[in-house]
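# Descriptive structure summary
Here are the chains, one letter per residue:
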Amino acid sequence: QSCRDDTMAKLGRGHTFGDFIRAARLAAAAGLEVIAHIMLGLPGETLEDNENTIRSITDLPLQGVKFHHLQILKDTRLAAWHQEGTVSCDTVEAYLDKLISCLELLPPTMVVHRLKADAEPRLLIAPLWQVSAAEFASCLASRMQERNTWQGRRWQGGAA
C-alpha cells in the first residue's frame, strides 16, 4: 500500500515494504501473478510519498496494480483518528490529481486493475463520494485528456 515503513507500522499492517518486495519476487518466481495494491491519501503521506511508492514498484515483477483511495470504515483505527479530526479523506478531485500523477509514473504496459475502491456502504464513514466506477473512469479520462497526459508519460524506464 505504501513504500513508507513508518506508515505501514502506524496502520498496523504487520509487514514492511522490504517484506512486500521479497514476497512479490518469490511469488513471481513461483509462477504466480503479482498485483500491487497502492493506497493514495494515507495519513501523513504526501504526493511525493505516493510517487515514491510508484517508482519503487516499477522494477518489480508485477503484472498489475490496483489503486485505492483512503476510506474510513467503522470500528477501525482510522475511524478513531477521523473522529479525533487527525485523519481526513481526499475529495474526488484531489484523489484524481494524485492518481494521474501516479499513472504518469507507471510503465505504459502495466495493467491497472482498479482505479478506486468501493467499501461496503454500511461500514463506510468517509469519504461519501457519490460517483460510480464508470463515472469516475470517465472523469479521469477527461481530466487526463485536458492535461494532455497518459499512463507512462513520466516513466523513467526499467524492467516493465
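Residues numbered from 1 in each chain as written. Predicted model: local features only at pLDDT ≥ 70, side-chain atom pairs only at ≥ 80, totals over all residues. Heavy atoms only, no water.

## A closer look at the packing of helix H5 (residues 92-105) against helix H6 (residues 133-146)
For clarity, the threshold we go by: For helices, the fitted axis covers only the stretch in contact; all axes are lines through C-alpha atoms, and the angles between them, taken along N-to-C directions, range from 0 to 180 degrees. Runs of H or I in DSSP of at least four residues are treated as helices and runs of E of at least two as strands, each being numbered from the N terminus. Our angle categories are set so that under 35 degrees counts as roughly parallel, over 145 as roughly antiparallel, 65 to 115 as roughly perpendicular, and the remainder as oblique. Crossing handedness is read from the near helix: turned anticlockwise from the far helix by less than a right angle, it gives a left-handed crossing, and turned clockwise, a right-handed one. The contact criterion used is simple: two residues touch if any of their non-hydrogen atoms lie within 4.5 Å. Side-chain classes are defined by residue name, with Ala, Val, Leu, Ile, Met, Phe, Trp, Tyr, Cys and Pro counting as nonpolar, Asp, Glu, Lys and Arg as charged, and the others, Gly among them, as polar.
Across the interface, H5 lies against H6 with an axial gap of 11 Å and an inter-helix angle of 60 degrees. If you check the angle between H5 and H6, you find them oblique. Handedness of the H5/H6 crossing: right-handed. Along its contact with H5, which presents Val92, Glu93, Tyr95, Leu96, Asp97, Leu99, Ile100 and Leu103, the element H6 presents Phe136, Cys139, Leu140, Arg143 and Met144. Here the residues of the contact of H5 with H6 are counted per class, giving 10 nonpolar, no polar and three charged.

## What about the nonpolar core?
Side chains of a nonpolar character, in soluble globular proteins, are inclined to be buried together. Heads up, the condition is: In this text, buried Ala, Val, Leu, Ile, Met, Phe, Trp, Tyr and Cys residues form a nonpolar core when linked through side-chain atoms within 4.5 Å. The buried label goes to any residue with under 20% of its type's maximum accessible area, the exposed label to any with over 50%, and the partly exposed label to all in between, with areas taken from a 1.4 Å probe on protein chains only.
Grouped together as the largest cluster of nonpolar side chains are 30 residues, with contacts concentrated most on Ile38, Ile54, Ile57, Val65, Phe67, Leu99 and Phe136. Those elements giving two or more residues to this core turn out to be helix H2 (17-29), strand E1 (35-40), helix H3 (47-57), strand E2 (64-69), H5 and H6. The element contributing the most residues to this core is H5, with eight residues. The residues touching isoleucine 38, leaving out its near neighbours within four places in the chain, are Gln1, Thr53, Ile54, Ile57, Val65, Lys66, Phe67 and His68. Core analysis: the next-biggest nonpolar cluster, separate from the first, contains 11 residues, Leu42, Leu70, Val87 and Ala126 among them.

## Things to note about the packing of H3 against H5
Here H3 crosses H5 at 30 degrees, and the two axes come no closer than 9 Å. As summarised for this structure, H3 and H5 are arranged roughly parallel, according to the angle between their axes. Here the hand of the crossing between H3 and H5 comes out right-handed. Side by side, H3 and H5 meet where Leu47, Asn50, Glu51, Ile54 and Arg55 of the first sit next to Lys98, Ser101, Cys102 and Leu105 of the second. When grouped by side-chain class, the residues that make up the contact of H3 with H5 number four nonpolar, two polar and three charged.

## Some thoughts on the sheet that holds E2
Cut-off, in case you're wondering: In short, DSSP must find at least two bridges between two strands for them to pair.
Strand order in the open sheet made by the three strands is E1-E2-E4, with parallel pairing throughout. The sheet is open, and its two borders are formed by E1 and strand E4 (111-114), each paired with just one other strand. Strand-to-strand twist across the sheet, computed as the mean angle between neighbouring axes with direction ignored, equals 30 degrees. Here E1 pairs with E2 via six bridges, running parallel. Looking across to E2, one finds that alanine 36 is bridged to valine 65.

## Digging into the confidence of the model for the protein
Put simply, the rule is: pLDDT expresses how confident the predictor is about each individual residue, on a scale running from 0 to 100.
Taken residue by residue, the protein gives an average pLDDT of 93. The fraction at 70 or more is 98%. Summarising per-element confidence for the protein, the mean pLDDT is lowest in helix H1 (residues 5-10) (84) and highest in H5 (97).

## Here's the deal with the side chain of threonine 58
So the rule is basically this: Here a polar contact is recorded for every N or O atom pair within 3.5 Å, except that within protein the pair must consist of a potential hydrogen donor and a potential acceptor, and residues adjacent in sequence are included only if both atoms are side-chain atoms.
Looking at the secondary structure, you find threonine 58 in the loop between H3 and E2. Given a relative accessible area of 7%, threonine 58 falls into the buried group. Among the polar contacts listed, one links the side chain of threonine 58 to the backbone oxygen of arginine 55, at a separation of 3.2 Å.

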